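Summary of the model geometry
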Amino acid sequence: MGLLEGKNALVFGLANDKSIAWGITQAFHREGAKLGISYAGEMLERRVKPLAEKVGCQWVEECDVTSDEQIAAVAEKAARHFGRVDVLVHSIAFAGRDELTGPFYNTTRDGFKNAMDISVYSLIAMTKAFLPILNPGASIMCLTYYGSVKVAPHYNVMGVAKAALESSTRYLAYDLGPQKIRVNAISAGPIRTLAAAGVGGFRDMYKHFADMSPMRENVTIDDVGNAAVFLASDLSARITGEVLYVDSGFNTVGVQMTGKENQEKSE
Ligand code: NAD
């Protein structure tokens with residue numbers, strides 16, 4: 001029997017088959033969850049619908065999370081289709097390309113607001129909208145990155161947004177704890193996705209990561225999917241307000257050695 005058998009799981013943030021949301025969707029499907037998928041706009045429909053078909057998902061809904069009306073409408077549609085929901089995945093972020101290159105002090109007021117609105121406030125808005133139909137024991141999760149706690153060059157305003165997202169995770173976990181609803185974040189190592197392509201110097205960072213992480217390996221969307229299964233399942237029943245790192249151990253290393261020294265260590 002799958003770990004998510006009997007659970008209704010909604011995944012927000014599927015763009016294509018490179019998306020972390022796709023790794024999560026496939027892992028949830030493998031573990032027997034009944035799935036719903038939400039995506040951001042008409043332009044993505046063409047890519048998302050065939051993926052949804054692959055996992056037998058019949059609930060595929062558009063939702064731009066900058067709109068309270070759209071969030072309310074999608075929650076209403078979920079209530080009609082599923083009745084109640086056990087798992088809510090927020091795999092959504094956005095910052096303009098200009099904000100993700102050059103110095104952080106060039107961040108514009110609009111760019112800051114936009115990044116915080118789409119990447120952070122949306123988790124709060126979604127939680128509120130779905131709360132009436134969440135089952136006790138439900139699990140909410142979002143995706144974050146280490147640039148929230150340490151400087152990752154070019155990550156800029158998104159690092160600040162991820163810090164706010166992680167903090168929001170803790171505040172939501174506190175609010176919903178008495179209702180036995182859990183809220184956690186997965187902090188994934190760099191993965192080549194559409195969103196990542198917008199971050200200046202991502203290629204170098206991606207390569208550096210594989211050289212420097214204790215496990216000397218990059219992270220895949222399947223790795224994140226498997227961690228998401230754990231957080232969605234009853235196996236993590238008493239875990240809330242946490243940031244779970246899926247990063248080959250990268251965040252645990254305080255002092256980075258040069259390539260040569262690192263090489264010697266692994267020989
Ligand atoms: P992705 O581009 O596949 O996913 C980002 C999603 O956000 C897209 O589906 C996009 O449509 C959606 N989105 C953007 N604006 C939206 C809006 N207004 N309304 C609704 N949806 C909107 O890239 P990804 O890397 O899979 O990103 C998913 C999550 O994982 C993000 O929170 C990202 O910050 C996080 N993350 C990514 C990495 C990485 O290296 N790729 C690492 C750690 C965390």
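You'll find the structure just up there.
Summarised in this report is the structure supplied together with it.

Calculation criteria
Residues numbered from 1 in each chain as written. Predicted model: local features only at pLDDT ≥ 70, side-chain atom pairs only at ≥ 80, totals over all residues. Heavy atoms only, no water. Helix = DSSP H or I, 4+ residues; strand = E, 2+ residues; numbered from the N terminus. Buried < 20%, exposed > 50% of the residue type's maximum accessible area, 1.4 Å probe, protein only. Polar contact = N/O pair within 3.5 Å; in protein donor to acceptor, adjacent residues only side chain to side chain. Contact = heavy atoms within 4.5 Å. Salt bridge = Lys/Arg side-chain N within 4 Å of Asp/Glu carboxyl O. Patch = residues over 30% accessible without salt bridge, like charges linked within 9 Å, V, L, I, M, F, W, Y side chains within 5 Å. Areas by Shrake-Rupley, 256 points an atom, 1.4 Å probe, with all protein chains shown as cover. Phe/Tyr/Trp six-rings, centres within 6.5 Å; stacked < 30°, edge-to-face > 60°. Near = heavy atom within 4 Å. 1 Å grid on protein atoms, 1.4 Å probe; cavity = no way out; pocket = protein on both sides within 12 Å on 5 of 7 lines; lining within 4 Å. Sits in = over half its atoms within 2 Å of the grid points. Axes fitted to C-alpha atoms, helices over the stretch in contact; angles between N-to-C directions. Parallel < 35°, antiparallel > 145°, perpendicular 65-115°, else oblique. Left-handed = near helix turned anticlockwise from the far one by under 90°. Nonpolar A, V, L, I, M, F, W, Y, C, P; charged D, E, K, R; others polar.

What to know about the side chain of lysine 7
Within the secondary structure, lysine 7 sits in the segment before strand S1 (8-12). A relative accessible area of 11% means that lysine 7 is categorised as buried. Within the structure, the side chain of lysine 7 is placed 2.9 Å from the side chain of aspartate 234, a separation counted as a polar contact. Look past the residues within four positions of lysine 7 in its chain and what remains in contact with it is Ala33, Lys34, Asp86, Val87, Ala232, Ser233 and Asp234.

Quick look at the pattern of salt bridges
Here the structure, examined in full by the defined rule, presents seven salt bridges. Where arginine 30 meets glutamate 31, a salt bridge forms, and the shortest distance between an N and an O atom there is 3.1 Å. With a shortest N-O distance of 3.6 Å, arginine 80 and glutamate 76 are connected by a salt bridge. With arginine 80 and glutamate 76 both in helix H3 (residues 68-82) and four residues apart, this pair spans about one turn of that helix. The exposed category is assigned to arginine 80, whose relative accessible area is 62%.

A word on a nonpolar patch on the surface
A cluster of nonpolar side chains, contributed by Phe104, Phe112 and Val160, occupies part of the molecular surface with about 240 Å² of accessible area. Inspection of the secondary structure assignment puts phenylalanine 104 in the loop between strand S4 (85-90) and helix H4 (109-130).

Things to note about the packing of aromatic side chains
Applying the stated criterion across every chain yields a total of seven aromatic pairs. With 5.8 Å between their ring centres and 80° between their planes, phenylalanine 12 and phenylalanine 130 make a pair best called edge-to-face. With phenylalanine 12 in strand S1 and phenylalanine 130 in helix H4, the pair connects residues that are 118 residues apart, well separated along the chain. There is no split in this pair, since phenylalanine 12 and phenylalanine 130 are both buried. When the ring of tyrosine 146 is compared with that of tyrosine 245, the centres are 6.3 Å apart and the planes differ by 80°; the resulting orientation is edge-to-face. Of this pair, tyrosine 146 sits in the loop between strand S5 (134-144) and helix H5 (156-176) while tyrosine 245 sits in strand S7 (residues 243-246), and the two are 99 residues apart along the sequence. In this structure an aromatic cluster arises from ring pairing among Tyr146, Phe209, Tyr245 and Phe250.

Considerations on the site of the ligand
Neighbouring residues of the ligand: 28 residues in total, closest Ser19, Ile20, Lys162, Ile191 and Thr193. Contacts to the ligand include serine 19, whose side-chain N or O atom sits 2.6 Å from an oxygen atom. Between the ligand and isoleucine 92, the relevant distance is 3.3 Å, taken from an oxygen atom to a main-chain nitrogen or oxygen of the residue. For the ligand, whose unbound accessible area comes to 810 Å², protein coverage reaches 91%. The pocket occupied by the ligand, as judged from atoms lying within 2 Å of grid points, is the largest pocket. With three residues, the top contributor of residues to the shell around the ligand is helix H6 (residues 194-197).

Digging into the packing of helix H1 (residues 20-30) against helix H8 (residues 221-232)
Close contact between H1 and H8 brings their axes to 7 Å; oriented N to C, the two are set at 55°. Classified by the angle their axes make, H1 and H8 are oblique. Here H1 and H8 pass one another in a crossing that is right-handed. Residues Ile20, Trp22, Gly23, Ile24, Gln26, Ala27, Phe28 and Arg30 of H1 touch H8, and the partners they reach there are Ile221, Asp222, Val224, Gly225, Asn226, Ala228, Val229 and Ala232. Per-class residue counts for the contact of H1 with H8 are ten nonpolar, four polar and two charged.

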